[in-house]
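Next come the chains, spelled out residue by residue.
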Amino acid sequence: MAKRTLVCAKLSLGIILLILPAAMLSGGIRNVQAYEALNRLQLQKTEQERIIPLIEQAEEQELPTDYLILRIQEGVAKKIPLQKIEAALQQDMAVLESARTLVYTALGPVRGEGFLKDTAHWNRIATLIKEGIGQQHMLELLQLADGSYDQLRHAGGLLLALHQWEIDDRTSMHIIKSLTQSEISSDEYRNVITLFQEALSRHIPVSEMAERIIRFAAESHSFAQLQRLTR
Amino acid sequence: MRLSTIIVIICFILSGMVSALPAQTTGFVGIQGIYDITDDTGSIGMRGNLDYRTLIDPDMYLHAAFSGEGEIDLNFTNTSDRLLMQVDSTWFLADDELYAAVTAEGSIGGNEDSSSYLFPDWDITYRKFFGYRAINPFVSYRGSSTQESIVNGIKVGFIHAPKVELSYTVGISGDVDTYFASGETDVLASLDLQLSQLIGLKGNWITYGSFTYRTSQDNTREGISGVLRSEFTYAPTRRLQVHVSPAGYWEYLTQLSQWNISGEIALRTDIEMTPWLFGYLSSSIAVSADALWDVTVTIGSDIAWGSW
């Protein structure tokens, strides 16, 4: 009896494995996880008809569909109208396309393609673009990181923090360039924001503190030392 | 001469000085008003700061700072002033560094508690750097002097940052405090700890605690004492910063079996009105055995100059 059950289970699994790709092909989505995630959302037929072509298009353009599915999940969870989700997806696709162009320009197509195999890398760059970091500064950041995700993550995190703190991106990039020339570990970059906070307490203009950091970072082997040289 | 005329002349002299300063000099001048709610008294004042820093060569850094503030009460009868000067230098020795500083606090005209004075202090510290996640030790010789006594001491300790958001410093020190008039010498042993933590990208807090034991021939000095102080800073943008700092102080005089406890909490808001014009509003509430409550409010504005 148990043996018969096992045979039935194997047969069922085989049938599912045969049917699933066929079903996916009928929907046109090749990414299994993306397909399953979309299924779990239980979209209505009209919604499917409008969302699935966008995912198909993203796959054709070789954009990371996982990223887009997350956006759909977020939109559905927040009960955002379909039109807005569609618009957000189209905007995200444009951002991702832009991210790829920047990475290929900075690292070249071969290294760029390798770098973008990880969805986290796409996410990081897309987040910075969406927060309003300009193309030129994004390109400089990617060139400075030179394919190191840690450098991109930490330097990008500082650039974003300074951008949100209303320090102009050009000044921020000068600071980041100076930090990358120093011996300061990249995961300490985020501490730089505390120098600006201290400057505000002591009524030192932002431009003056920025200049001190740019001037002294290259001489510093740790953030603590940079702190002593600039305060 | 009217006060407004004096202020105009001072501003004119300062603006002339600024144009003559070296390029690496920054600073600010400002005015402030202070109101003591407890005593119902007020004063107005001016303050200023000059800061110069440079690399003498790639291995040596020099910094000099001068700041001062003067106040006059609203009846224009009592004045007070306070000056602070500092010269410090850091010498980079491969990964390590040698730091030396001389600071002096003084007053030309004195204030309601004392006549003119000059209190210097000095510090020479050697810091060993093993790595940014390692335990980095330091040793320092420091001293200070007042009209009453001179203090000399040694401190050893280490700084450790187990992760980027958190660092702490532990130090133990021994000091000798010699009194000029009596020739008496007190010996102090201290343990102190400082914790610093980032809160997201817009906030941070620092907590400092110390414990000191003092032996003395004078029963009004011998005893144990401690400080626990915390500072919380939140700056959502470059234009606004809020700073809250509660502190508690305690002392137990062993020969007199007497406790002295006091505390204070300060709240300060700094605003960047333009890239070079700052405003601030601060208030503090102090509680002690002498004055149950002491509440002051300060409002002021500073014009800064530098490289903009």
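Quick caveat, the model's predicted, so the values are computed rather than measured. (Residues numbered from 1 in each chain as written. Chains lettered and ligands numbered in written order. Predicted model: local features only at pLDDT ≥ 70, side-chain atom pairs only at ≥ 80, totals over all residues. Heavy atoms only, no water.)

J.: Just checking my understanding: could you explain the overall build of chain A for this structure?
T.: Counting its secondary structure elements, chain A contains 13 helices and zero strands. Starting at the N terminus, the α and β elements of chain A follow one another as α-α-α-α-α-α-α-α-α-α-α-α-α. The buried share of chain A, reckoned over its 231 residues, is 47%. Long-range contacts, defined here as pairs at least 24 residues apart, represent 65% of the contacts in chain A between residues at least 6 apart. Here chain A has roughly 11,400 Å² of accessible surface; of this, 54% comes from carbon and sulfur atoms. (Helix = DSSP H or I, 4+ residues; strand = E, 2+ residues; numbered from the N terminus. Buried < 20%, exposed > 50% of the residue type's maximum accessible area, 1.4 Å probe, protein only. Contact = heavy atoms within 4.5 Å. Areas by Shrake-Rupley, 256 points an atom, 1.4 Å probe, with all protein chains shown as cover.)

J.: Is there a simple way to think about the overall build of chain B in this case?
T.: Along its length, chain B carries one helix and 16 strands. In terms of overall dimensions, chain B is globule-like: its C-alpha atoms have a radius of gyration of 22 Å, near the 19 Å expected for 308 residues. A burial count over chain B gives 32% of its 308 residues as buried. Summarising the internal contacts of chain B: among those between residues at least 6 apart in sequence, 41% fall at separations of at least 24. Carbon and sulfur atoms make up 65% of the accessible area of chain B, which amounts to about 16,800 Å² in all. (Rg over C-alpha atoms; globule rule 2.2 N^0.38 Å.)

J.: I tried to follow the pairing of strand S13 (residues 240–253) of chain B on my own but got confused; where do I start?
T.: Successive residues of a regular strand alternate their side chains across the two faces of the sheet. Residues and elements named next belong to chain B. In this sheet, S13 lies alongside strand S12 (residues 223–237) in antiparallel orientation, the contact comprising eleven bridges. Across the sheet, residue Val227 finds its bridge partner in S13, namely Tyr249. Bridge analysis of S13 against strand S14 (residues 258–274) gives 14 bridges, and the strand direction is antiparallel. Looking at the pairing, Gln241 lines up with Asp270 of S14. Connecting S13 to the antiparallel partner S14 that follows it, the hairpin turn spans four residues, and Ser257 within it adopts a positive phi of roughly 50°. (Pairing = 2+ DSSP bridges.)

J.: Quick question: what am I supposed to make of the pattern of salt bridges here?
T.: Side-chain pairing between opposite charges can occur once the charged atoms of the two side chains come close. For the structure shown, the criterion picks out 33 salt bridges over all chains. Between Glu140(A) and Lys177(A) there is a salt bridge, with its nearest N and O atoms 3.5 Å apart. Pair noted here: Glu140(A) is in helix H8 (residues 135–145) and Lys177(A) is in helix H10 (residues 169–180), with a separation of 37 residues, a long-range link. By relative accessible area, which is 30% here, Lys177(A) ends up partly exposed. Note that Asp192(B) and Lys155(B) form a salt bridge whose closest N and O atoms lie 3.3 Å from each other. Linking Asp192(B) in strand S10 (residues 185–199) with Lys155(B) in strand S8 (residues 149–163), this pair joins segments that are 37 residues apart in sequence. Accessibility expressed as a relative area gives 9% for Asp192(B), which makes it buried. (Salt bridge = Lys/Arg side-chain N within 4 Å of Asp/Glu carboxyl O.)

J.: Explain unusual backbone geometry here, please?
T.: When glycine is set aside, most residues are seen to have a negative phi, and most peptide bonds are trans. Unusually for a residue other than glycine, Glu62(A) sits at a positive phi of about 60°. Looking at where Glu62(A) falls in the secondary structure, it is placed in the loop between helix H3 (45–60) and helix H4 (65–77).

J.: Got a minute to help me understand the confidence of the model for chain A in this structure?
T.: Interpretation of the predicted coordinates at a detailed level should be avoided for regions scoring low in pLDDT. With 84% of its residues at a pLDDT of 70 or more, chain A has an overall mean of 84. Every residue in residues 12–26 of chain A scores below 50 in pLDDT, and together they form eight contacts with partners more than four places removed in sequence or on other chains. (pLDDT = per-residue confidence, 0-100.)

J.: What should I look at first to understand the packing of aromatic side chains in this one?
T.: How two aromatic rings sit relative to each other is given by the distance of their centres and the angle of their planes. Tallied over the entire structure, the rule returns seven aromatic pairs over all chains. With centroids separated by 6.3 Å and ring planes inclined at 50°, the aromatic side chains of Trp165(A) and Phe196(A) adopt a geometry described as tilted. Of this pair, Trp165(A) sits in the loop between helix H9 (149–164) and H10 while Phe196(A) sits in helix H11 (residues 192–201), and the two are 31 residues apart along the sequence. The pair formed by Trp165(A) and Phe196(A) is uniform in burial state, with each residue classed as buried. Seen from their ring centres, Trp250(B) and Trp259(B) are 6.0 Å apart, and the 45° between their planes marks the pair as tilted. (Phe/Tyr/Trp six-rings, centres within 6.5 Å; stacked < 30°, edge-to-face > 60°.)

J.: Hey, could you run me through the pairing of S12(B) in this one?
T.: Looking at chain direction, strand S11 (residues 203–215) of chain B and S12(B) are connected through twelve bridges and run antiparallel. Paired with Thr207(B) across the bridge in S12(B) is Ser230(B).

J.: It is not clear to me how the side chain of Thr26(B) should be interpreted in this structure. Could you clarify?
T.: Locating Thr26(B) in the fold gives a position in strand S1 (residues 25–36). Within polar-contact distance, the side chain of Thr26(B) engages the side chain of Arg212(A) at 3.0 Å. Beyond its immediate chain neighbours, meaning those up to four positions away, Thr26(B) contacts Glu208(A), Arg212(A), Asn49(B), Leu50(B), Asp51(B), Trp305(B) and Gly306(B). (Polar contact = N/O pair within 3.5 Å; in protein donor to acceptor, adjacent residues only side chain to side chain.)

J.: Help me out: how do you make sense of H10(A) in this one?
T.: Along an α-helix, residues three or four apart share an orientation, since each turn contains 3.6 residues. All names here are of chain A. Look at H10: 16 Å from first C-alpha to last across twelve residues, which is about the 16 Å you get at 1.5 Å a residue. Turning to H10, its buried residues number three or more, namely Asp169, Thr171, Ser172, Met173, Ile175, Ile176, Ser178 and Leu179. Contacts from the buried residues of H10 go to H8, H9, H11, helix H12 (206–217) and helix H13 (223–230). (Expected span 1.5 Å × (residues − 1).)

J.: I would appreciate a short explanation of the interface of chain B and chain A in the present structure.
T.: Interface size is often expressed as the accessible area that is lost when the parts come together. Residue-level contacts link 46 residues of chain B with 35 residues of chain A. Linking chain B with chain A are five salt bridges, by the criterion used here. Run the count over chain B and chain A and you get 22 residue pairs in polar contact (both at pLDDT 80 or more). When residues of the side of chain B that touches chain A are assigned to their parent elements, the largest contribution, four residues, is made by strand S2 (residues 41–57) of chain B.

J.: Before we go on, may I ask you to explain H11(A) in this structure?
T.: Burial analysis of H11(A) places eight of its ten residues in the buried class, the great majority of the element. Those residues of H11(A) that fall on the buried side of the exposure criterion are Val192(A), Ile193(A), Thr194(A), Leu195(A), Phe196(A), Gln197(A), Ala199(A) and Leu200(A).

J.: Could you clarify how one ought to interpret the packing of H11(A) against H13(A) in this entry?
T.: How two helices pack is summed up by the angle between their axes together with the distance between the axes. Residues and elements named next belong to chain A. Contact geometry for H11 and H13: axes closest at 11 Å, N-to-C directions at 20°. The angle between H11 and H13 falls in the class roughly parallel. Relative to H13, H11 is oriented so that their crossing is right-handed. Of the residues in H13, those in contact with Val192, Thr194, Leu195 and Glu198 of H11 are Phe223, Leu226, Gln227 and Thr230. For the contact of H11 with H13, a count of residues per class yields four nonpolar, three polar and one charged. (Axes fitted to C-alpha atoms, helices over the stretch in contact; angles between N-to-C directions. Parallel < 35°, antiparallel > 145°, perpendicular 65-115°, else oblique. Left-handed = near helix turned anticlockwise from the far one by under 90°. Nonpolar A, V, L, I, M, F, W, Y, C, P; charged D, E, K, R; others polar.)

J.: What am I meant to see in the packing of H4(A) against helix H7 (residues 119–130) of chain A here?
T.: Residues and elements named next belong to chain A. The interhelical angle for the contact between H4 and H7, taken along N-to-C directions, is 60°, at an axis separation of 9 Å. In terms of their interaxial angle, H4 and H7 are classed as oblique. Where H4 approaches H7, its residues Asp66, Tyr67 and Arg71 are matched on the opposing element by Thr119, Asn123, Ala126 and Lys130. For the contact of H4 with H7, a count of residues per class yields two nonpolar, two polar and three charged.

J.: What exactly am I supposed to notice about the nonpolar core here?
T.: It is characteristic of soluble globular proteins that their nonpolar side chains tend to be buried jointly. Residues and elements named next belong to chain A. Ranked by size, the top nonpolar core spans 73 residues in total, and within it Ile51, Ile125, Leu179, Phe196 and Leu226 carry the most contacts. A per-element tally of this core places helix H5 (residues 82–107) first, with eleven residues. Beyond its immediate chain neighbours, meaning those up to four positions away, Phe196 contacts Leu162, Trp165, Ile167, Ile175, Val206, Met209, Ala210 and Ile213. (Core = buried A, V, L, I, M, F, W, Y, C linked by side-chain atoms within 4.5 Å.)

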